[in-house]
Amino acid sequence: MTSTRLSAPVAALLGLLSVAAGLATGHLVGGFLSPSASPFLAVGSSAIDRTPTWLKDFAVRSFGSYDKLVLLLGMAAVIGLAGMVAGLLSRRSRTPGLVLIVLLGAVATAAVLSRPTAGPFDVLAPLVGLVVSTGTFAALHRLGVRSAPAGAVGGEAAAAEPGGAPGVPRRTLLAGSAVVVAGAGMAAAAGQLLTDRGNAEASRQAVGRIVPTVAAPPIPAGADFVADGSPSFITPNRDFYRVDVNLTVPQLSTQDWRLRIHGMVDRERTLTWSDLTSRRLVERPVTMTCVSNEVGGPYISTTAFTGVLLADILNEVGVRRGADQVFTTSVDGWTCGSPTATLTDPGRQAMLAIAMNGEPLPVEHGFPVRMVVPGLYGFVSGTKWITDLELTTFEARQAYWLERGWARRAPIKTMSRIDSPGPFERVSPDTAITGVAWAQTRGIEKVEVRLDHGAWQDAELSTEVNLDTWRMFRLRGRWGPGAHIVEVRATDKTGYTQTADRAAPIPDGAAGWHSVQFSVQDRQS
């Protein structure tokens, strides 16, 4: 009697379904334990941690806020392909496929255990997923063999399992596969519901509107040129840019939030939500910029943050001599290092922020508490979901991005951006050229615009709100018909004019003049 061999499509499908069943079950178990226990999310987070800088920049530049979705889809495709390979290697014997699936399970287990917040029970999720994956593979492979024609692929002999076991109809294999698909789908969906079940949004809604002790002055008239195409001075919370390394948004309630302050201090403290909100709450408009922002990029927004000044807190705990770094940690294990001198400077007004535009922080922006430091890029200052603050030195501890070769100190550069006209837009001859300029902590003194590489012209500036916020510019005129190129450069209040020399965003922020090509319609055409 000839041996039975699975057809290639059937073998590949069995391997794919088996891996999917294991991942879905692991995701479900992770939903009960913690998001970091999910094998799928743990592998994705580990991939982000190990992504080369150039690839990370490409993803942010190409996909923006969808970069993590693209990563997950790509990862799912790779894992699915590995499952198909496991099936194809097992057309005659299930052993090679089982070995490959076990290796995949070992990788997933290592990824889960490598997460900074891994708990002792988190290993259960990948182990349960591995058991389900191997069990499903063995069961489906047995059904596949028993329902396959004996001999070569496409043979017509009666189905029989090697060794004389009776065959089963092909529809039994199809039914078993359908059960696996349905089970995996339900497990994955349930796991995602459990992952998202966190009570952060309910806690946020319970907080209600936050009233500052020291309210910011009203935004003056003329702070933007929205009618001519500039952004609004205050960015609505829903439009505030978001760039982080999180595949799932951490869920933390005000009841559970704690901030431990320790290290090189005279008096260690642990703050609760009530400790924080019982203090003087200061409201202040601040413009934040991501270091990943390309020249002319979108990752800049302005909001009225409300919070407690960090200088006051650090003064209370007593910072010891030599502590040049404030090392902060998020609830998900992400770390950040900020210069102590900046945070203890009362004039900088760095804060533990609890509100944006009068509302509690959106969950994706760090609810219940995040750090805000005017004038520093977020990767050295903007810890969201902050739970630990240690006074230490830069030599003693390296933060997440410093370990990856980014800058230790990253002041935001003097920059500008054209918002209107848009790239390759056709406009009327009297369309104003508008945009924004920023130089947090220094302020904008002047913005110049030039058309078609001609002479620089001073643009009109919007009313200044404070030195830590952006400033809009506008240049009015009549432009001749045809194609044009417009460039912009800003000068801050120290007298520095931004350089024309281009620099990539990493390691310490992009540089260069922004330019836009547009065309003017000839009204006679």
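The present account deals with the structure reproduced in this document. Since the model is a prediction, treat every value here as computed from it, not as a measurement.

So, how was this worked out
- Residues numbered from 1 in each chain as written.
- Predicted model: local features only at pLDDT ≥ 70, side-chain atom pairs only at ≥ 80, totals over all residues.
- Heavy atoms only, no water.
- Pairing = 2+ DSSP bridges.
- Helix = DSSP H or I, 4+ residues; strand = E, 2+ residues; numbered from the N terminus.
- Axes fitted to C-alpha atoms, helices over the stretch in contact; angles between N-to-C directions.
- 1 Å grid on protein atoms, 1.4 Å probe; cavity = no way out; pocket = protein on both sides within 12 Å on 5 of 7 lines; lining within 4 Å.
- Points joined across faces, edges and corners; volume = space filled by probe spheres on them.
- Nonpolar A, V, L, I, M, F, W, Y, C, P; charged D, E, K, R; others polar.

A few words on the sheet that holds strand β16 (residues 444-451). In space, the 5 strands of this open sheet follow the order β14-β21-β20-β16-β17, with mixed pairing throughout. The open sheet is flanked by β14 (426-427) and β17 (457-458), the only strands paired with a single partner. Pairing geometry for β16 and strand β20 (residues 482-492), over 7 bridges, is antiparallel. Each residue of the ladder has a partner; that of Lys-446, found in β20, is Thr-491.

Turning our attention to the sheet that holds strand β4 (residues 269-272). The strand order β4-β3-β12-β7-β8 describes an open sheet built from 5 strands, whose pairing is mixed. Each edge of the sheet is formed by a strand with only one pairing partner; in this case those strands are β4 and β8 (335-339). Across the sheet, the axes of successive neighbouring strands diverge by a mean angle of 20°, strand direction being ignored. As paired elements, strand β7 (residues 325-330) and β8 share 5 bridges and run antiparallel to each other. Residue pairing across strands places Val-326 opposite Ser-338, the latter belonging to β8.

Our next topic: empty space enclosed by the protein. The final tally for this structure, using the stated rule, is 3 cavities of 30 Å³ or more. In this model, the largest cavity occupies a volume close to 70 Å³. For the largest cavity, the full set of lining residues is Thr-289, Cys-290, Val-291, Asn-293, Glu-294, Tyr-377, Lys-413, Met-415, Trp-438, Gly-509 and Ala-510. For the lining of the largest cavity, the class distribution of residues is 6 nonpolar, 3 polar and 2 charged. Roughly 60 Å³ of volume is contained in the second largest cavity. What lines the second largest cavity is simply Gln-325, Gly-337, Phe-379, Val-380, Phe-394, Ala-399, Trp-401, Leu-402, Ala-407 and Arg-408. Taken together, the residues that form the lining of the second largest cavity break down as 7 nonpolar, 2 polar and 1 charged.

Remember that the coordinates give geometry; whether it matters functionally is a separate question.
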